[in-house]
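Structural overview
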Amino acid sequence: MNQAIRNLEPKELWNKFADLNAVPRPSKKEERVIQFMLDFGNNLGFKTIKDEVGNVIICKPATEGLENRKKVVMQSHLDMVHQKNNDTDFDFDTQGIEMYVDGDWVRANGTTLGADNGLGVATIMAILESKTIEHPAIEALFTIDEETGMTGAMGLKGGVLTGDILLNLDTEEDDEIGVGCAGGVDVTATRTYDEVASPEAAKTYTITVKGLQGGHSGMDIIKGLGNANKMMNRVLHATNDVMHISTLKGGSLRNAIPRESVCKVVVTNDNKEAFTTAVNKVADLMKQEYSSLEPNLEVSVEETTAAGNVMSSEAQTALIQMVYAAPNGVFRMSPAIADLVETSNNIAKITVGDGNMTIACLTRSSVASSKDDLANTLAAAFKMGGCDVDFSGEYPGWAPNMDSPILKVMEALYTKMNNEKPHVAACHAGLECGILGQNYPEMDMISFGPTIKGAHSPDERASISSAQKYWAYVLEILKNIPVKA
């Protein structure tokens, strides 16, 4: 299946991507891909190190004639989001990604593709391996755990890198040059609750919300896509008086818009008709509201094995009210940059069962005070429902520098190569540039990459024609790095 990928052009890029995707590399479990990259650098005979947290750095000297150019740090992250469809049998801990070609797109079979940020990693690998590509001195920086905490970028100490310019290859539109990004904070609400025995003369049902697009909780938040946790909560709110929640599981990762939610409920026989009517009514309303955005939305109810205990009435009502009150999606648009989401929240994961409930959110903003304001708004809603609230995993944004020297070089090259100007913008996502900039404040940073759609979801796909355009652009950039001062 992956052999077709190796025949794509540019072969240097796609072959390295296929090599990389054969190595399991979910976030927090990067041991194998770290060793893979160490072996790669050592086999090339280049200085290769692993720092204290697991980042890998490979150093390659400049090619002849470019020794007087500024040193470039080429940076991408090794980990990938591990999402799959419920009906896909796949183990991210042991299996390589199964890829196939679909027209102009490379896709994966029921899982995330890992093009985020695997195509960036593959780009750097191909340049390191090449004996013909012209480039200045390169420090290749492969960070770990970008997707679930950015702990690799956070752990990289100052003084390890000596480069003047950082090229972050983690932007997902090939006509875009990234000059800024949002910071983020994880907001987690937890509480215990009393369980009671299921009522007698009752049946147990599984409510399922599925068929949503999902996607990146930063880049795709502006689209107004359906959030399975919010949708399930509407169903539960409509049926609160006629059912009892036993368990609930919605979403999986903080940085992915939840696509599915499953709730097990108990309904007494005399409430079955009212329950069914209420579910159907709210399901029809949501399908109408999201007909253009989420055409594959499904809300189903199926009888299942009997539940033992259920939530107390107080806890159930508190849960539903908290999720209803908690903001989700775009919270504020930027007043300074047109069409940029300034602040947002993703109600990413809800789990309920065995007397414990957890609501996990990822709050993003390019303005620190606005991020704090939304985080406090969420905390207030959750605390009113009796939850303890924890803020963790906070990381800074990246402030745009419109006078960046490398930006001017890249703008001119893009315009010359494509007969149109690039879109220079900040993005509503976490990029490692903001974190790296804390220890390397003088480094000139930029972000760009090939077109990738549906990142963080099993619909993730990478454009083949865009990869060709992007590869040619990378090679021109490396040949045109400014001379050292």
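Residues numbered from 1 in each chain as written. Predicted model: local features only at pLDDT ≥ 70, side-chain atom pairs only at ≥ 80, totals over all residues. Heavy atoms only, no water.

1. Quick notes on the sheet that holds strand 22 (residues 452-453)
In space, the 4 strands of this open sheet follow the order 4-5-23-22, with antiparallel pairing throughout. Where the open sheet ends on each side, the last strands, each with one partner, are strand 4 (99-102) and strand 22. Bridge count between strand 5 (residues 105-108) and strand 23 (residues 461-463): 3 bridges; the pairing is antiparallel. Counted as the bridge partner of Trp105 is Ser463 from strand 23. Along the sheet, helix 2 (residues 11-21) makes contact with strand 4, strand 5 and strand 23, crossing strand 4 at roughly 140°. (Pairing = 2+ DSSP bridges. Helix = DSSP H or I, 4+ residues; strand = E, 2+ residues; numbered from the N terminus. Contact = heavy atoms within 4.5 Å. Axes fitted to C-alpha atoms, helices over the stretch in contact; angles between N-to-C directions.)

2. Notes on the packing of aromatic side chains
Where two aromatic rings form a pair, the distance of their centres and the angle of their planes describe that pair. Taken as a whole and judged by the stated rule, the model has 6 aromatic pairs. An angle of 55° between the planes, with centres 6.0 Å apart, marks the rings of Phe448 and Tyr470 as tilted. Remark: Tyr470 occurs in helix 12 (residues 464-479) and Phe448 occurs in the loop between strand 21 (444-447) and strand 22; sequence separation between them is 22 residues. One exposure class covers both Phe448 and Tyr470, and it is buried. Ring geometry for Phe448 and Tyr473: centres 5.7 Å apart, planes at 75°, overall edge-to-face. Here Phe448, found in the loop between strand 21 and strand 22, pairs with Tyr473, found in helix 12; they are 25 residues apart in sequence, far enough to count as distant. According to the relative accessible area criterion, Phe448 is buried, its value standing at 2%. (Phe/Tyr/Trp six-rings, centres within 6.5 Å; stacked < 30°, edge-to-face > 60°. Buried < 20%, exposed > 50% of the residue type's maximum accessible area, 1.4 Å probe, protein only.)

3. Observations concerning the state of the cysteines
Counted by the stated rule, this structure contains 0 disulfides. Lacking any disulfide linkage, Cys361 is separated from the closest cysteine sulfur, that of Cys387, by 10 Å. (Disulfide = S-S within 2.5 Å.)

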